[in-house]
2 protein chains.
Amino acid sequence: MEISKIEDFVRNGYKEYLPHVSIDCAIFGYHDQQLKILLIKHKLILGWCLPGGYIKRTERLVEAANRIVKERTGIDNLFLQQFKTFGDPNRSRFKEFDKEEFFKATGVSIDKGSWLIDDTISIGFYAITDFSLTVPKPDVMSNECVWCDLSELPKLEFDHDQMVIDALHTLRIQLYHYPIGYTMLPKKFTLSEIHALYQALLGKKLDVSNFPKKLIALGLLKKLNEKRSIGPHRSPHLYCFDKKKYEKALREGLALG
Amino acid sequence: MEISKIEDFVRNGYKEYLPHVSIDCAIFGYHDQQLKILLIKHKLILGWCLPGGYIKRTERLVEAANRIVKERTGIDNLFLQQFKTFGDPNRSRFKEFDKEEFFKATGVSIDKGSWLIDDTISIGFYAITDFSLTVPKPDVMSNECVWCDLSELPKLEFDHDQMVIDALHTLRIQLYHYPIGYTMLPKKFTLSEIHALYQALLGKKLDVSNFPKKLIALGLLKKLNEKRSIGPHRSPHLYCFDKKKYEKALREGLALG
């Protein structure tokens, strides 16, 4: 049963999926001041890579990205955003594909003319989630699926190292324009909570006193007339994201000026 | 001669070009407080659209984008940047292609199974240039190639209206992180020059006194110890982009904090 499904995909997959185009996903996990990324080990590929797959002809790109992440990792309902498309010659996932290995693993042979063995461009998506709440599960084509510390990232297969760099770069720019940290923080949070989140996502130390001033100047943060009591002499002010300003900025351009 | 070139492209183009993937370019032109966009009228398509084309299998994506713009419009050496990839079902350029019109115009018939008639995703690139210095020239496949006022944009073909919206959106976010205005201004400029540029690109009025403060706070602008003499009692201060800070920010994340 499993073999015939794979055989059908190898022979006829191009009817259901767009050839030459795939999606790869950089899924970042944040919890308690730590930043991780989700990696999978494909049965047919020796090293680690980002979860990825093909796009059905009936799917919008973001639907395809969500389905792929769900199928590959078991994680559902991520807010996935495009960051870049990769198409340099010879980047293709299966160009240097080991046909013997594939046959050993699946019992299916791949022809030279197969739709799977040709140049492929890949559309990169990224998302952030709380890794403490999401337990990844490998699918039938993967042996492992784990959260990996960004600081301990192994060399990845294909051009996936560059994908991680570009995903982080886009995330870091969008951090000042979209409510990206939104789901990673409680609705009302302290400056030290958002400070820790932004430090982890930006991968650098941020000045404790300048950082909130700039976020407030950009119109991202709103100071609330409320404090949180966390100890006898410790009751820091609470803040929230200014969602209205975000939405206005997204519609009309930025709030600067 | 022309016919056999087109025929060869229709029959065998998939050997040189990647099927299912195209590039479309939103090229913005700025001059003297006006913002325009470059549109072409393809010989085989009734309405206006963005200049676009296919990717050679030997090209990096940005090389393909530059070649396409040069071939289609005659404009060379643009700094093209990816903004988004479009792949919704039924967006394809040639899906509803009029085969009779194509035959009338070219003398070439297109088969049902042609690589040109199938779903296509398109990678959007954008660039900004000085429209007063660039005279677009249509290629053999286009009837017209003109600068169009953004405020007078006609309804575009396919999903190109959405492409313009998304290109502007990305440009407006990147305006605060990349030296995008760089080539549109003299090396040393006055606040009123950069104010006019940013107003045109953002498509809205910016407060004259708050605007430069925020750009300086973001680390984008540097005030020079120099003035420009433009009249008896008018000698505004000169500013420049802080290119070092940009480069550092691009490498390490943003300068905030």
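Predicted, not measured: the structure shown is a model, and the values here were computed from it.

Criteria and cut-off values
- Residues numbered from 1 in each chain as written.
- Chains lettered and ligands numbered in written order.
- Predicted model: local features only at pLDDT ≥ 70, side-chain atom pairs only at ≥ 80, totals over all residues.
- Heavy atoms only, no water.
- Helix = DSSP H or I, 4+ residues; strand = E, 2+ residues; numbered from the N terminus.
- Buried < 20%, exposed > 50% of the residue type's maximum accessible area, 1.4 Å probe, protein only.
- Axes fitted to C-alpha atoms, helices over the stretch in contact; angles between N-to-C directions.
- Parallel < 35°, antiparallel > 145°, perpendicular 65-115°, else oblique.
- Contact = heavy atoms within 4.5 Å.
- Nonpolar A, V, L, I, M, F, W, Y, C, P; charged D, E, K, R; others polar.
- Domains from an automatic or database assignment.
- Buried area = accessible area lost by both parts, 1.4 Å probe.
- Salt bridge = Lys/Arg side-chain N within 4 Å of Asp/Glu carboxyl O.
- Polar contact = N/O pair within 3.5 Å; in protein donor to acceptor, adjacent residues only side chain to side chain.
- Least-squares fit on C-alpha atoms with pLDDT ≥ 70 in both.
- Core = buried A, V, L, I, M, F, W, Y, C linked by side-chain atoms within 4.5 Å.
- Phe/Tyr/Trp six-rings, centres within 6.5 Å; stacked < 30°, edge-to-face > 60°.
- Lys NZ or Arg CZ within 6 Å of the ring centre and 35° of its normal.

A.B. asks: How should I be thinking about the side chain of Asp 159 of chain A in this particular structure?
C.D. replies: Residue position: Asp 159 of chain A is located in the loop between β7 (142-149) and α4 (160-174). According to the relative accessible area criterion, Asp 159 of chain A is buried, its value standing at 18%.

A.B. asks: Explain the packing of helix α5 (residues 191-202) of chain B against helix α6 (residues 210-217) of chain B here, please?
C.D. replies: Helix packing geometry: the angle between the two helix axes and the distance between the axes. All names here are of chain B. Between α5 and α6, whose axes approach to 10 Å, the crossing angle comes to 90°. The angle between α5 and α6 places the two elements in the roughly perpendicular class. Where α5 abuts α6, its residues Leu 191, Ile 194, His 195 and Tyr 198 lie against Phe 211, Pro 212 and Leu 215. Residue classes in the contact of α5 with α6 are distributed as six nonpolar, one polar and no charged.

A.B. asks: Which parts of the structure should I look at to understand unusual backbone geometry?
C.D. replies: With the exception of glycine, the majority of residues adopt a negative phi angle, and the majority of peptide bonds are in the trans configuration. All names here are of chain A. Of note in this structure, His 20 is not a glycine but carries a positive phi near 75°. Looking at the element boundaries, His 20 is found in strand β1 (residues 17-31). The buried category is assigned to His 20, whose relative accessible area is 8%. Notably, Phe 158 is not glycine yet its phi reads approximately 55°, a positive angle. Looking at where Phe 158 falls in the secondary structure, it is placed in the loop between β7 and α4.

A.B. asks: Help me out: how do you make sense of the domain arrangement of chain A in this one?
C.D. replies: Interfaces are often sized by the amount of accessible area the parts lose when they come together. All names here are of chain A. Here the domain parsing of chain A yields domain 1 (2-174) and domain 2 (191-252). Each of domain 1 and domain 2 has a C-alpha centre, and the two are 34 Å apart. Facing the seven residues of domain 1 at the interface are six residues of domain 2. Broken down residue by residue, the surface that domain 1 buries against domain 2 is led by Tyr 30, Leu 35 and Arg 172, which jointly contribute 71%. There are zero salt bridges connecting domain 1 and domain 2. Where domain 1 meets domain 2, there are three residue pairs in polar contact (both at pLDDT 80 or more). Top element by residues in the side of domain 1 that touches domain 2 is α4. It accounts for three residues. When its residues are assigned to classes, the side of domain 1 that touches domain 2 shows five nonpolar, one polar and one charged.

A.B. asks: Is there a simple way to explain the environment of Leu 197 of chain A in this structure?
C.D. replies: Residue and element names in this part refer to chain A. In this structure, Leu 197 sits in helix α5 (residues 191-202). Judged by relative accessible area, which is 0%, Leu 197 ranks as buried. As for Leu 197 and Glu 101, which are separated by 96 residues in sequence, their C-alpha atoms are 43 Å apart. For Leu 197, the residues in contact, after removing those within four places along its chain, are Tyr 30, Gly 181, Met 184 and Leu 185.

A.B. asks: What's the story with the environment of Lys 70 of chain B in this structure? I'm lost.
C.D. replies: All names here are of chain B. Relative to the helices and strands, Lys 70 is located in helix α2 (residues 61-73). Judged by relative accessible area, Lys 70 falls into the partly exposed class, the value being 44%. Between the C-alpha atoms of Lys 70 and Pro 51, which are 19 residues apart in sequence, the distance is 9.8 Å. Those residues in contact with Lys 70, other than ones at most four positions away along the chain, are Ile 75 and Asp 76.

A.B. asks: What am I meant to see in the relation of the copies chain B and chain A here?
C.D. replies: Each of the two chain copies can be brought onto the other by rotation about an axis and movement along it. Expressed as a screw operation, the relation of chain B to chain A combines 0.0 Å of axial shift with a rotation of 180°, fitting to an RMSD of 0.0 Å. One copy is carried onto the other by what is essentially a two-fold rotation axis.

A.B. asks: Sorry, what's going on with the interface of chain B and chain A here?
C.D. replies: Each partner contributes residues to the interface: chain B has 41 residues there, and chain A has 41 residues. At the boundary of chain B and chain A, one finds two salt bridges. Put simply, chain B and chain A have five residue pairs in polar contact (both at pLDDT 80 or more) between them. Where the side of chain B that touches chain A is concerned, the elements lending two or more residues are β1 (17-31), β5 (81-86), β6 (121-129), α4 (160-174), α6 and α7 (243-252) of chain B.

A.B. asks: What should I look at first to understand the nonpolar core in this one?
C.D. replies: The nonpolar side chains of a soluble globular protein tend to be buried with one another. Of all hydrophobic cores here, the largest spans 84 residues; its most connected members are Tyr 198 of chain A together with Tyr 198 of chain B. Setting aside residues up to four positions removed in sequence, Tyr 198 of chain A forms contacts with Leu 175, Tyr 176, Gly 203, Leu 206, Phe 211, Leu 215 and Phe 241 of chain A. Grouped together as the second largest cluster of nonpolar side chains are 48 residues, Ile 40, Ala 65 and Ala 127 of chain A together with Ala 127 of chain B included.

A.B. asks: Explain the environment of Glu 101 of chain A to me, please; I cannot follow it from the model alone.
C.D. replies: You can see Glu 101 of chain A is positioned in helix α3 (residues 99-106). For Glu 101 of chain A, a relative accessible area of 40% gives the class partly exposed.

A.B. asks: Please explain the packing of aromatic side chains as it appears in this structure.
C.D. replies: The way to describe two aromatic rings as a pair is by their centre distance and the angle between their planes. Residues and elements named next belong to chain A. Considering all chains together, one arrives at 18 aromatic pairs over all chains under this definition. Ring plane angle 55° and centroid distance 5.2 Å describe the contact between Phe 189 and Phe 241, whose orientation is recorded as tilted. With Phe 189 in the loop between α4 and α5 and Phe 241 in strand β9 (residues 237-241), the pair connects residues that are 52 residues apart, well separated along the chain. Linked through ring pairs, Phe 9, Tyr 17, Tyr 54 and Trp 115 together constitute an aromatic cluster. Residue placement shows Lys 36 over the ring face of Phe 131; its charged tip is 5.1 Å from the ring centre.

A.B. asks: Please clarify how the pattern of salt bridges should be interpreted in this entry.
C.D. replies: Two side chains carrying opposite charge are able to pair once their charged atoms lie near each other. In this structure the tally under the stated criterion is 26 salt bridges over all chains. Among the salt bridges present, the one from Asp 149 of chain A reaches Lys 36 of chain A, with a minimum N-O distance of 2.7 Å. Residue Asp 149 of chain A is found in strand β7, and its partner Lys 36 of chain A is found in strand β2 (residues 34-42); the two are separated by 113 residues along the sequence. A salt bridge links Asp 139 of chain B to Arg 72 of chain B; the shortest N-O distance between them is 3.0 Å. Placement of Asp 139 of chain B in the loop between β6 and β7 (142-149) and of Arg 72 of chain B in helix α2 is noted, with a sequence separation of 67 residues between them.

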